[in-house]
Amino acid sequence: MAPNAKDGYGACTIYAITDLTHDDEYVYIGSCAKPLFARWGQHLHDTHYKRSSDIQKLILTRPWEFKAVPLLGPFACANQRDLNTLEQAYIKLHNPRCNMRSASRNVVLDLKELIKTLVLPSDGPPAPPPKPRYRQITVEEAWARILHS
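Residues numbered from 1 in each chain as written. Predicted model: local features only at pLDDT ≥ 70, side-chain atom pairs only at ≥ 80, totals over all residues. Heavy atoms only, no water.

S.K.: Please clarify how the sheet that holds strand 3 (residues 66-75) should be interpreted in this entry.
M.R.: Consider a sheet: its strands pair through backbone hydrogen bonds, and that pairing is either parallel or antiparallel. As summarised here, the arrangement of the 3 strands in space is 2-1-3, forming an open sheet in which the pairing is antiparallel. Taken across any chain shown, the strands that pair with only one partner, and hence form the sheet edges, are strand 2 (25-32) and strand 3. Each strand of the sheet is rotated relative to its neighbour by a mean of 20°, with strand direction disregarded. The sheet contact formed by strand 1 (residues 12-19) and strand 3 spans 7 bridges and is antiparallel. Bridged to D19 within strand 3 is F66. Set on the sheet, helix 3 (residues 80-94) makes contact with strand 1, strand 2 and strand 3; between it and strand 2 the angle comes to about 170°. (Pairing = 2+ DSSP bridges. Helix = DSSP H or I, 4+ residues; strand = E, 2+ residues; numbered from the N terminus. Axes fitted to C-alpha atoms, helices over the stretch in contact; angles between N-to-C directions. Contact = heavy atoms within 4.5 Å.)

S.K.: Just checking my understanding: could you explain the environment of W64 for this structure?
M.R.: Topologically, W64 is positioned in the loop between helix 2 (54-61) and strand 3. Relative accessible area serves as the criterion here: at 57%, W64 is assigned to the exposed category. Between the alpha carbons of W64 and T138 there is a distance of 10.0 Å; along the sequence they are 74 residues apart. The residues contacting W64, other than those within four sequence positions of it, are L20 and V139. A polar atom in the side chain of W64 sits 3.3 Å from the side chain of E65. (Buried < 20%, exposed > 50% of the residue type's maximum accessible area, 1.4 Å probe, protein only. Polar contact = N/O pair within 3.5 Å; in protein donor to acceptor, adjacent residues only side chain to side chain.)

S.K.: What is the right way to read the packing of aromatic side chains from this model?
M.R.: Scanning the entire structure with this criterion turns up 1 aromatic pair. Where Y15 meets Y28, the ring centres are 6.4 Å apart and the plane angle is 45°; that geometry is what we call tilted. Note that Y15 is positioned in strand 1 and Y28 in strand 2, a separation of 13 residues in sequence. Taking the relative accessible area as the measure of exposure, Y15 reaches 1% and is therefore buried. (Phe/Tyr/Trp six-rings, centres within 6.5 Å; stacked < 30°, edge-to-face > 60°.)

Keep in mind that these numbers describe shape and distance, not what the molecule does.
Next comes the structure, spelled out in structure tokens:
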């Protein structure tokens, strides 16, 4: 973990939910301070039990045609405010159709400057990649496993 990162902000990710039927269009951009596969699972859970936001309603129509992809990360940042500021910069850059509200209002620098300012340097070697059993597989990989077994 980075030296100044508060506990819980040592492995943050800015991610996009893409629509696979529309040339991987970014329909939603978010951030998380936990593994991306866990956040994606939370999106799927909320889709079936809440159905209140635009992204939840969209995923409910055809859940197999969306996936979460990392845009930046994992990285360390100091706090939730910095994470929200980076998320908002990506929202301003890509303007996805399902982001209902702003993550942060104080985005004045461009994205490169924000990354240089808010992403903390890591101390030591990068964290090892997650074990393969925790990695989200694509539809193509799932079909390949089924066909070859």
